[in-house]
Structure formats: C-alpha cells, structure tokens
Amino acid sequence: MKIGFTIFILFVSVSMLAQTVSPFRHIDQKIAKIPDSLTKSTTKIAQFISDNFKTDEEKIRAIFYFTASKIDYEVENMLTINLHLKSDEIIKKTLESRKGVCINYAQVFNEIAQKVGIKSMIVEGYTKQNGKIDVLSHAWCAAYINQKWFVFDPTWGGGFVMNRKYVKKINEQFYKVNPAKMIASHMPFDYLWQFLNYPVNNDEFYKGTTQIN
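Residues numbered from 1 in each chain as written. Predicted model: local features only at pLDDT ≥ 70, side-chain atom pairs only at ≥ 80, totals over all residues. Heavy atoms only, no water.

Undergrad: Before we move on, could you go through a nonpolar patch on the surface and cite the residues and values that matter?
TA: A cluster of nonpolar side chains, Phe160, Met162 and Val167, forms an exposed patch at the surface whose accessible area comes to about 250 Å². For Met162, the position within the fold is in strand 6 (residues 159–162). (Patch = residues over 30% accessible without salt bridge, like charges linked within 9 Å, V, L, I, M, F, W, Y side chains within 5 Å. Areas by Shrake-Rupley, 256 points an atom, 1.4 Å probe, with all protein chains shown as cover. Salt bridge = Lys/Arg side-chain N within 4 Å of Asp/Glu carboxyl O. Helix = DSSP H or I, 4+ residues; strand = E, 2+ residues; numbered from the N terminus.)

Undergrad: Tell me about empty space enclosed by the protein, and please be specific about residues and values.
TA: Within this structure, the stated rule accounts for 1 cavity of 30 Å³ or more. Each pocket or cavity is described by its volume, and for the largest cavity that value is around 50 Å³. Trp140, Val151, Pro179, Met182, Ile183, His186, Pro188, Trp193, Gln194 and Phe195 together form the lining of the largest cavity. Listing elements by their share of the lining of the largest cavity, those giving two or more residues are helix 8 (179–182) and strand 8 (186–188). Across the lining of the largest cavity, the residue classes tally to 8 nonpolar, 2 polar and no charged. (1 Å grid on protein atoms, 1.4 Å probe; cavity = no way out; pocket = protein on both sides within 12 Å on 5 of 7 lines; lining within 4 Å. Points joined across faces, edges and corners; volume = space filled by probe spheres on them. Nonpolar A, V, L, I, M, F, W, Y, C, P; charged D, E, K, R; others polar.)

Undergrad: Describe the packing of aromatic side chains, naming the residues involved and giving the relevant values.
TA: Counted by the stated rule, this structure contains 12 aromatic pairs. Relative to Phe195, the ring of Trp149 lies with its centre 4.9 Å away and its plane at 20 degrees, an arrangement referred to as stacked. One end of the pair, Trp149, is in strand 5 (residues 148–152); the other, Phe195, is in the loop between strand 8 and helix 9 (202–207), and 46 residues separate them in sequence. By relative accessible area, which is 21% here, Trp149 ends up partly exposed. The rings of Phe24, Phe64, Phe109, Phe152 and Tyr175 are connected pair by pair, giving a single aromatic cluster. Note that Lys119 overlies the ring of Tyr144, its terminal NZ or CZ placed 5.0 Å from the centroid. Between Lys128 and the ring centre of Phe205, over which it is positioned, the NZ or CZ distance is 4.8 Å. (Phe/Tyr/Trp six-rings, centres within 6.5 Å; stacked < 30°, edge-to-face > 60°. Buried < 20%, exposed > 50% of the residue type's maximum accessible area, 1.4 Å probe, protein only. Lys NZ or Arg CZ within 6 Å of the ring centre and 35° of its normal.)

Written out as structure tokens, the structure is:
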C-alpha cells in the first residue's frame, strides 16, 4: 500500500514538473549562452539568432528572451527620458550598460527583429495596472508572425519594480500577446496600432470595458 502511494506521489510530482517546464526552454537556454563579445551590437546579436534559429517563431522568442533577460530596468531614470538621443545612440548605450527604460527595451527588440527579417515596429502609448492608469507613457513592440500581428512588451516581460527596486523575473504574460488581449492593459496613442478591426476608445480603456465584439 505504501509503495503504491509513493509511486502515485512520484507520478504526480513528475507530471506537475513537466507542466511547469517552459515550451521555450531550449530557445531560452541557447540565447542565454550568447557570447558577451556579440552582445554589444544588434547586428552581431541578429547574426547569432539567424545562425541558431530557423523559424520566425524561434527567432522572435530568442529576441524577446534576450531583451527581457539581458537588460535591467533603470529605476533611477524612469522619470528622465533624453529626447535628443537618436535610435542608434539609445541602442548603443543600452547594450553597453545593460540598463534602460521602456524605450530602450523596445528599440533593442525592434532593431534585432528587423535585422533577422521580421516585420516589427515600436508602439507608444499608456498603460493600466490594477485598474489604475499609469501617469508615465510607455513603449512596447509589435511583430508580424505567420501572417498576423502580435504584441510584445519586453520591459514588463523582464521583471517589475517593487519599492523602487527592480526585480528581474521573466513574465510570459507579455510575450506574443493577441492584440485583443493586450488592449486591456496597453493603449496605443494611435488607434491604428491596436491591430483591431474595431478599435477601443480611451473611455472604454479607462472604464475597463475593452471586450472585443
């Protein structure tokens, strides 16, 4: 009886472990091992991804994981954005320091995606968390995968800020999100970049009535 019970517990434990293993594990592990010598240039990062991954599905995951895991959110500069820096300057600074705010994450993600041949763009807007509209504007990305637009937020996907300190933790909730789902928390300034047939207006976003008919 005890042996049977032990085997049952072992079976359940193994089953639960199998369910928690990320389906992207092999991709994440490979991109995590990218040599540091290649991480200072989006061209070299893109070449590494193209050499190691074949499909757009694999490539976009590698881009998301690299951006979310290799960059730390710069809490001390979250209210200070240099509007005079050009895109290439932002990317260079981000890859050298491994720090940045949302636009840094978005710029890096977007440029690598384009260099591996994936149609991608940066989306700017504002967000809502726990029912409250954030006072800061935000930037995230969209990419065209398998004839459909998906939304990615490598900033929120990389961790979160708690008590003015950054806690790094990959959050799959912001990886390859259906636009109809992402609109609940991310509102683009330009309605066109909601990627919805019937855009949600600001009032609906404020009230949380963003269910797509």
